[in-house]
Amino acid sequence: MKFYLILLLSVISFIPVSAQQEAFKDVDSLLKKLSVATSDTAGILLKCKLGEAYRANKPDTSLILANEALSRSTEIKFKKGEVHALVLLCVMYREKGDLPYALEHGLKALKISEEERYVYGQIYSLVRIANVYLAVRDAPKAKTYLKRSDELLKKNYDDWQWDVTQYFMADGYEQLNKLDSAEKLVQMLEEKHPSDPLWIVINNRLRGSIAVKRNELPLAIEYYRRSNTEAMAGTAFREAATAINAMAQVFKKLDQPDSAIFYAKEGLRLGEMLKYRNRILAASSLLAELYAEKDPKEAIRYYQIASAAKDSLYGVQKVQQLQSATMKEQERQTELEAARLAFQNKMRQWALLAGGGVFLIIAVILFRNNRQKQRTNKVLETTLTNLKNTQSQLIQSEKMASLGELTAGIAHEIQNPLNFVNNFSEVSNELIDEMKTELVNNNKEEALVIADDIKQNLEKINHHGKRADGIVKGMLQHSRSSSGQKEPTDINALTDEYLRLAYHGLKAKDDSFNATMRKNFDQSIGNINIVQQDIGRVVLNLINNAFYAVDEKKKLNSNGYEPTVSVSTKKSNGKVEINVKDNGSGIPQKVLDKIFQPFFTTKPTGQGTGLGLSLSYDIVKAHGGELKVESKEGEGSKFSIQLPV
């Protein structure tokens, strides 16, 4: 019987996806009779296939099958089975709205596929990870994964996965408002699958979204109706709920509230039946808006449903769970950590947007019924302030960390002018004694000469005192939060200041540290308008990285190697360019595209936060400039800051 199970699995893989569910009814029955087979590799893959078939109308069954397949695959170390189970869990958690877990399972599947060189597993994982990013409307991020999938498919063609990749590409184009490109791909898929129910459902749904963007609302309704009709006919309740909720939104735009309420209620019913919280949130939020004026009690009821779904999807606990998971993952794999934390930021943005929308509904209801607008606004302002404060904490922590690195350098720089002050003070004190003696001897001319010497000493004391004062003020300005106010700044002086501070700071921490510093400043630049403490922070970070790179290379190869860091400025084509170049070991090409991602670092654990280059990139972009990198492995790196004059 086990032989027939394996044979049936092979046959089903060639059946169109829309027809697989009927075939799986026989397989499910066979599995119950053949419990032994479910423990081997064929049984695991079959469970994954069954779970895929039950996605549309029995999501809980799909989750059970996927978890059973994952557990058994892990137990017998069947990596291919782990990949298929993790991909299915990624899909199911995304469809249920549990996006952090969806991303986690998708990235794990991708990691295992790459380690095992399982190309088709990589393709499946890349497509599903892209779909998670599309769910939070981060189309550019999704596009990077889809492009990787497309490249693999060119060498390892799979017809079904190629079609799915093109569909999600079309979805991304729709989000980016590249409607003609999206429509072209949809038309290609329609011609390829003219009668397949699954493609009829999803193609019409996407056409509906395109029509909404073009403000062709009656046409959008027609597309959504076709999608819903075909979905309900095939008991694909998940797809039906999506189409129905979209239809309700369009009826609201058409100012047809009764129709909007009817379809939103149907979408809510299907969402609750499937336990899909994202569908529940979409339908209940719309119903709360529609009932705000018509029936405040109903509006509050639907708001409570939406609030519960929103908390489950985007609540503080969910974000905390994601933070905990990402910190553990950072210890295991840097790349996975960086991707997840980038996703966490996107989740926070969506949580803020979702919370703002729900709070707006609260404000309207409370204002119309209780006239307590002032109290509601105060609550909203406090919430937004707390969110902004939380957002700025991470940046402030990085600023203080960079200031800490400068402490030894600051001490060295201040010590020099203080030595001058002390020395000239002592000399002046002796000169005063000499001047008194000359005055007692009635030698007025010699006393006047000594007085001139004392005056020169006092001028030098004043000069070096101001120098120390300037260093302290500069560091205070570096540590405090940026006002965002641009002011004319001598970029050459700023760069030279941070070069010396960085060098002496590292020298103080490690007496064996040494490096040649080369400076070439374009004196024609003059002053440019920048936020001084922000650009200073960028320059400091690049110089510290350069010194770190040459020092690490020297530790590995001390014979004949001269660590050198070159800093230069130049003005050309309406731009000012600051270059920081080192002759260290360079950056490997495989990670060069990731160095500006938050929390990505090539330094050992505990020696880098991975935030320096990410924050530097954002600061330069905010100034309307560019931060570029050129690197050759084994020869060194060059970072260039380009700022508009």
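Note that the coordinates shown come from a computational prediction; the quantities given were computed from them, not determined experimentally. (Residues numbered from 1 in each chain as written. Predicted model: local features only at pLDDT ≥ 70, side-chain atom pairs only at ≥ 80, totals over all residues. Heavy atoms only, no water.)

Draft legend 1. Looking closely at the overall build of the protein. The helix and strand inventory of the protein stands at 24 helices and 7 strands. The 645 residues of the protein split such that 48% are buried. Across the protein, the fraction of contacts at a sequence separation of at least 24, relative to all contacts at a separation of at least 6, is 66%. On the protein, roughly 32,600 Å² of surface is accessible, and the fraction owed to carbon and sulfur atoms is 51%. (Helix = DSSP H or I, 4+ residues; strand = E, 2+ residues; numbered from the N terminus. Buried < 20%, exposed > 50% of the residue type's maximum accessible area, 1.4 Å probe, protein only. Contact = heavy atoms within 4.5 Å. Areas by Shrake-Rupley, 256 points an atom, 1.4 Å probe, with all protein chains shown as cover.)

Draft legend 2. Quick peek at helix 3 (residues 41–53). With 13 residues, helix 3 should cover 18 Å at 1.5 Å per step; its first-to-last C-alpha distance of 19 Å lies within 8% of that length. Most of helix 3 is tucked away, with 10 of its 13 residues classed as buried. The N-cap of helix 3, judged by a side-chain oxygen 3.3 Å from the amide nitrogen of A42 a few residues on, is D40. (Expected span 1.5 Å × (residues − 1). Polar contact = N/O pair within 3.5 Å; in protein donor to acceptor, adjacent residues only side chain to side chain.)

Draft legend 3. Summary view of the nonpolar core. Ranked by internal contacts, the top residues of the largest apolar core, which has 97 residues, are I129, Y145, Y167, F168, Y224, V250 and L287. Among the nonpolar cores identified, the runner-up in size contains 42 residues, and A502, V550, F600 and V629 belong to it. (Core = buried A, V, L, I, M, F, W, Y, C linked by side-chain atoms within 4.5 Å.)

Draft legend 4. Highlighting the packing of helix 5 (residues 79–96) against helix 7 (residues 119–135). Two numbers describe how helix 5 lies on helix 7: the axes approach to 10 Å, and their chain directions differ by 15°. By the criterion of interaxial angle, the relationship of helix 5 to helix 7 is roughly parallel. Seen along the crossing, helix 5 lies across helix 7 with a hand that is left-handed. Where helix 5 abuts helix 7, its residues V83, H84, V87, C90, V91 and R94 lie against G121, Y124, S125, R128, N131, V132 and A135. Tallied by class, residues from the contact of helix 5 with helix 7 come to 7 nonpolar, 4 polar and 2 charged. (Axes fitted to C-alpha atoms, helices over the stretch in contact; angles between N-to-C directions. Parallel < 35°, antiparallel > 145°, perpendicular 65-115°, else oblique. Left-handed = near helix turned anticlockwise from the far one by under 90°. Nonpolar A, V, L, I, M, F, W, Y, C, P; charged D, E, K, R; others polar.)

Draft legend 5. Region of the structure containing the confidence of the model for the protein. With 75% of its residues at a pLDDT of at least 70, the protein reaches an overall mean of 79. Here helix 1 (residues 2–12) stands out as the least confident element of the protein, with mean pLDDT 43; strand 5 (residues 575–582) is the most confident, with 94. Across residues 318–333 the pLDDT falls below 50, and counting only partners more than four positions away or on other chains, this stretch makes 30 contacts in the model. (pLDDT = per-residue confidence, 0-100.)

Draft legend 6. Main features of the sheet that holds strand 2 (residues 516–520). Pairing within the open sheet is mixed, and its 5 strands lie in the order 2-4-5-7-6. Strands with a single pairing partner mark the edges of an open sheet, and in this sheet they are strand 2 and strand 6 (626–632). Taken pair by pair, the neighbouring strands of this sheet meet at an average axis angle of 15°, ignoring direction. Across 8 bridges, strand 4 (residues 564–572) lies against strand 5 in antiparallel orientation. Residue V567 lies in a different strand from strand 5, and its bridge partner there is V580. Sheet strands touched by helix 22 (residues 532–556): strand 2, strand 4, strand 5, strand 6 and strand 7 (636–644). Its angle to strand 5, the strand with the most contacts, is close to 25°. (Pairing = 2+ DSSP bridges.)

Draft legend 7. Region of the structure containing a negative patch on the surface. Residues E426, E430, D433, E434, E445, E446, D452 and D453 make up a contiguous surface patch of negative charge. Within the residue set of the negative patch, elements represented by two or more residues are helix 19 (373–440) and helix 20 (444–479). Tracing the sequence through the fold places D452 in helix 20. (Patch = residues over 30% accessible without salt bridge, like charges linked within 9 Å, V, L, I, M, F, W, Y side chains within 5 Å. Salt bridge = Lys/Arg side-chain N within 4 Å of Asp/Glu carboxyl O. Lys, Arg positive; Asp, Glu negative; His and termini not counted. Charge placed at Lys NZ, Arg CZ, Asp CG, Glu CD.)

Draft legend 8. Region of interest: the pairing of strand 5. The buried count for strand 5 comes to 6 of 8 residues, which makes it a mostly enclosed element. Hairpin connection of strand 4 to strand 5: 2 residues between the antiparallel strands, including N573 at a positive phi of 55°. Bridge count for strand 5 against strand 7 is 8 bridges, and the pairing is antiparallel. Each residue of the ladder has a partner; that of N579, found in strand 7, is S640.

Draft legend 9. View of the packing of aromatic side chains. Scanning the model with the defined rule gives 13 aromatic pairs in all. With a centroid separation of 5.7 Å and an interplanar angle of 70°, the aromatic rings of W160 and W199 are classed as edge-to-face. In this pair, W160 sits in helix 9 (residues 159–175) while W199 sits in helix 11 (residues 197–213), placing the two residues 39 residues apart along the sequence. Judged by relative accessible area, W199 falls into the buried class, the value being 1%. (Phe/Tyr/Trp six-rings, centres within 6.5 Å; stacked < 30°, edge-to-face > 60°.)

Draft legend 10. Just the environment of V427, in detail. As for its position among the elements, V427 is in helix 19. Take V427: its relative accessible area is 38%, and that puts it in the partly exposed class. Sequence separation between V427 and I454 is 27 residues, and the spatial gap between their C-alpha atoms is 8.3 Å.

Draft legend 11. Layout of the pattern of salt bridges. On inspection of all chains with the given rule, the structure shows 32 salt bridges. Linking E174 and R137 is a salt bridge whose minimum nitrogen-to-oxygen distance equals 4.0 Å. Separated by 37 residues along the polypeptide, E174 in helix 9 and R137 in the loop between helix 7 and helix 8 (139–155) bring together distant segments of the chain. For E174, a relative accessible area of 5% translates into the label buried. A relative accessible area of 43% means that R137 is categorised as partly exposed. Among the ionic pairs, K154 bridges to E151, the shortest N-O distance being 3.2 Å. In this pair, K154 and E151 both sit in helix 8, 3 residues apart, roughly one turn of the helix. Taking the relative accessible area as the measure of exposure, E151 reaches 46% and is therefore partly exposed.

Draft legend 12. Focus on the side chain of N245. Inspection of the secondary structure puts N245 in helix 13 (residues 237–253). By relative accessible area, N245 is classed as buried at 10%. Every residue in contact with N245, bar those within four places of it in the chain, is listed here: A264, G267, L268, R279, A282 and A283.

Draft legend 13. Expanded view of unusual backbone geometry. Of note in the backbone geometry, R117 takes a positive phi value of approximately 55° without being a glycine. Of note, R117 is situated in the loop between helix 6 (99–116) and helix 7. Positive phi is not limited to glycine here, since N177 has a value of about 65°. Turning to its location among the elements, N177 is positioned in the loop between helix 9 and helix 10 (179–192).

Draft legend 14. Region of the structure containing the packing of helix 12 (residues 217–233) against helix 13. One can describe the packing of helix 12 onto helix 13 by two numbers: an axis separation of 8 Å at closest approach and a directional angle of 160°. Here helix 12 lies roughly antiparallel to helix 13, going by the angle between them. By crossing handedness, the relation of helix 12 to helix 13 is classed as left-handed. Of helix 13, the residues touching helix 12 (which contributes L217, A220, I221, Y224, R225, S227, N228, A231 and M232) are F237, E239, A240, A243, I244, A246, M247, V250, F251 and K253. The residue inventory of the contact of helix 12 with helix 13, partitioned by class, reads 14 nonpolar, 2 polar and 3 charged.

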